[in-house]
Amino acid sequence: MQVKPFEAAIFDLDGVIVDTAKFHYQAWKRLAEELGFAFSEKENEQLKGVSRMESLDLLLRAGGITNLTAKRKETLASRKNEWYKEYLTTLTPADVLPGVRSFLHHLRSSGIKTAIASASKNAPLILDKVNIGSWLDVVVDGNSIVKAKPDPEVFLQAARLLGVAPFVCYVFEDAAAGVEGAIRAGMRVVGVGEEQLLARAHLTVTSFEQLEPVFLLSRIGVSDLGVTGDSPYEQ
Ligand code: B16
Ligand code: MG
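Being a predicted model, the structure only gives us computed values, none of them experimental.

### A few points about the site of ligand 1
In the neighbourhood of ligand 1, 18 residues make up the surrounding shell, with Arg52, Ser118, Ser120, Lys121 and Asn122 lying closest. At 2.8 Å, a side-chain N or O of Asp14 approaches an oxygen atom of ligand 1. Separating an oxygen atom of ligand 1 from a backbone N or O atom of Val50 is a distance of 2.7 Å. Coverage of ligand 1 by the protein amounts to 97% of the 460 Å² it exposes when considered alone. In this structure, ligand 1 is accommodated by the largest pocket. A per-class count over the shell around ligand 1 returns five nonpolar, seven polar and six charged. Inspection of the shell around ligand 1 shows a minimum of three residues originating in each of domain 1 (8–19 + 95–227) and domain 2 (21–88).

### Details of the coordination of the magnesium ion (ligand 2)
For the magnesium ion (ligand 2), the full set of protein donor atoms is Asp12 (OD), Asp14 (O) and Asp174 (OD), at a range of 2.0 to 2.2 Å. Read N to C, the donor residues that coordinate the magnesium ion (ligand 2) are spaced as D-x1-D-x159-D. The pair formed by Asp12 and Asp14 is uniform in burial state, with each residue classed as buried.

### Some words on the UniProt feature "binding site: Mg(2+)" (unreviewed entry) in the protein chain
As recorded in UniProt, the sites labelled "binding site: Mg(2+)" (unreviewed entry) are Asp12, Asp14, Glu173 and Asp174. For the residues just named, distributed over 163 residues, the greatest C-alpha separation is only 9.0 Å, placing them together at one site. From the list above, the largest pocket is lined by Asp12, Asp14 and Asp174. Examined against the element boundaries, Asp12 turns out to sit in the loop between strand S1 (8–11) and helix H1 (21–34). Of the residues examined, Asp12 reaches a relative accessible area of 4% and is grouped as buried.

### A few points about the packing of aromatic side chains
Across all of its chains, the model carries nine aromatic pairs by this definition. Seen from their ring centres, Phe103 and Phe208 are 5.1 Å apart, and the 35° between their planes marks the pair as tilted. With Phe103 in helix H5 (residues 100–109) and Phe208 in helix H9 (residues 208–215), the pair connects residues that are 105 residues apart, well separated along the chain. Among the residues examined, Phe103 registers a relative accessible area of 0% and is labelled buried. Put simply, the rings of Phe11, Phe103, Phe172 and Phe208 touch in pairs and so form one group of aromatic residues. Directly above the ring of Tyr84 sits Lys80, whose terminal nitrogen or CZ lies 4.7 Å from the centroid.

### Examining the side chain of Thr114
Along the chain, Thr114 falls in strand S2 (residues 113–117). Among the residues examined, Thr114 registers a relative accessible area of 0% and is labelled buried. Here Arg108 takes part through its side chain, which lies 3.4 Å from a polar atom of the side chain of Thr114. Within the local environment of Thr114, its side chain forms a polar contact with the backbone oxygen of Trp135, the two atoms lying 2.7 Å apart. Residues in contact with Thr114, not counting those within four places in the same chain, are Ala9, Phe11, Leu104, Leu107, Arg108, Trp135, Leu136, Asp137, Val138 and Leu162.

### Quick look at the UniProt feature "active site" (unreviewed entry) in the protein chain
Sites flagged by UniProt as "active site" (unreviewed entry) map to Asp12 and Asp14. As for the annotated residues, the ones lining the largest pocket are Asp12 and Asp14. In contact with Asp12, not counting residues within four places along its chain, are Ile17, Ile116, Ala117, Ser118, Lys149, Phe172, Glu173 and Asp174. A distance of 2.8 Å separates polar atoms of two side chains, one belonging to Asp12 and the other to Lys149. Within the secondary structure, Asp14 sits in the loop between S1 and H1. Beyond its immediate stretch of four places on either side in the chain, Asp14 contacts Thr20, Ala21, His24, Tyr84, Ser120, Ile126 and Asp174. In terms of polar contacts, Asp14 uses its side chain to reach the side chain of Thr20, at 2.3 Å.

### Things to note about the nonpolar core
With 49 residues, the main nonpolar core has Phe11, Ile17, Phe172 and Phe208 as its most contacted residues. Both domains that furnish three or more residues to this core are identified here as domain 1 (8–19 + 95–227) and domain 2 (21–88). With residues up to four places along the chain from it excluded, the contact list for Phe11 reads Val16, Ile17, Phe103, Leu104, Leu107, Thr114, Ala115, Ile116, Ala117, Phe172 and Phe208. Core analysis: the next-biggest nonpolar cluster, separate from the first, contains 24 residues, Ala8, Phe155, Val164 and Ala201 among them.

About the cut-offs
- Residues numbered from 1 in each chain as written.
- Chains lettered and ligands numbered in written order.
- Predicted model: local features only at pLDDT ≥ 70, side-chain atom pairs only at ≥ 80, totals over all residues.
- Heavy atoms only, no water.
- Near = heavy atom within 4 Å.
- Polar contact = N/O pair within 3.5 Å; in protein donor to acceptor, adjacent residues only side chain to side chain.
- Areas by Shrake-Rupley, 256 points an atom, 1.4 Å probe, with all protein chains shown as cover.
- 1 Å grid on protein atoms, 1.4 Å probe; cavity = no way out; pocket = protein on both sides within 12 Å on 5 of 7 lines; lining within 4 Å.
- Sits in = over half its atoms within 2 Å of the grid points.
- Nonpolar A, V, L, I, M, F, W, Y, C, P; charged D, E, K, R; others polar.
- Domains from an automatic or database assignment.
- Donors = N, O, S within 2.8 Å, 3.2 Å for Na, K, Ca; no water.
- Buried < 20%, exposed > 50% of the residue type's maximum accessible area, 1.4 Å probe, protein only.
- UniProt positions renumbered as here; feature names shortened; annotations may be inferred.
- Helix = DSSP H or I, 4+ residues; strand = E, 2+ residues; numbered from the N terminus.
- Phe/Tyr/Trp six-rings, centres within 6.5 Å; stacked < 30°, edge-to-face > 60°.
- Lys NZ or Arg CZ within 6 Å of the ring centre and 35° of its normal.
- Contact = heavy atoms within 4.5 Å.
- Core = buried A, V, L, I, M, F, W, Y, C linked by side-chain atoms within 4.5 Å.

And the structure:
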């Protein structure tokens, strides 16, 4: 198998660069409780990477709530977002996940381009609070896309703005919807989190600390990551 070049790294934000996924869960759980039902961490897994309004629909379905008007849904989503933003006030540069800064540093010093591809409309606020904007070439977020993950739009837009082809990109994702979107974009995907939840990723790690030695120092490609057989990325 021919090894594809690695020219760009595209990162999801919530749950990959910074642990804001826990704040989303806290806010959705609070909303569920206010509406009179419990919402587990397992149920929350499907909301990861999915847009705010789609997340609300999934939450309401989990609680057996149907037939809400669009206006009521807007109100509930805004309420959740206000709580979420309240939790974000505690965010500082120290909340960037372990190994992320060092990984970004190595990427950039190896000439690899970097981007964020997030479904979140709060991405600019988060990036500002954790102060990593200067490590990134491009940011695409929920304010500039029409179709949410698992649609590949956010990843393709990031590659286009970076000026690279999809097959030279690696995507780093913590959500099944994001892994699927990156695969549909024709990119290679590293899942960050639990392997059984991210089964479609080409490789899964629990942290960037674990990834850095294998990934960067040797500048390896797909075959070295154990992806063999009829890869859609083979040319
Ligand atoms: P907001 P990511 C996603 O961000 C989150 O994973 C998902 O839980 C959230 O619903 C979505 O952003 C929209 O976020 O309500 O802040 O616009 O993981 O794609 O960086
Ligand atoms: Mg995420």
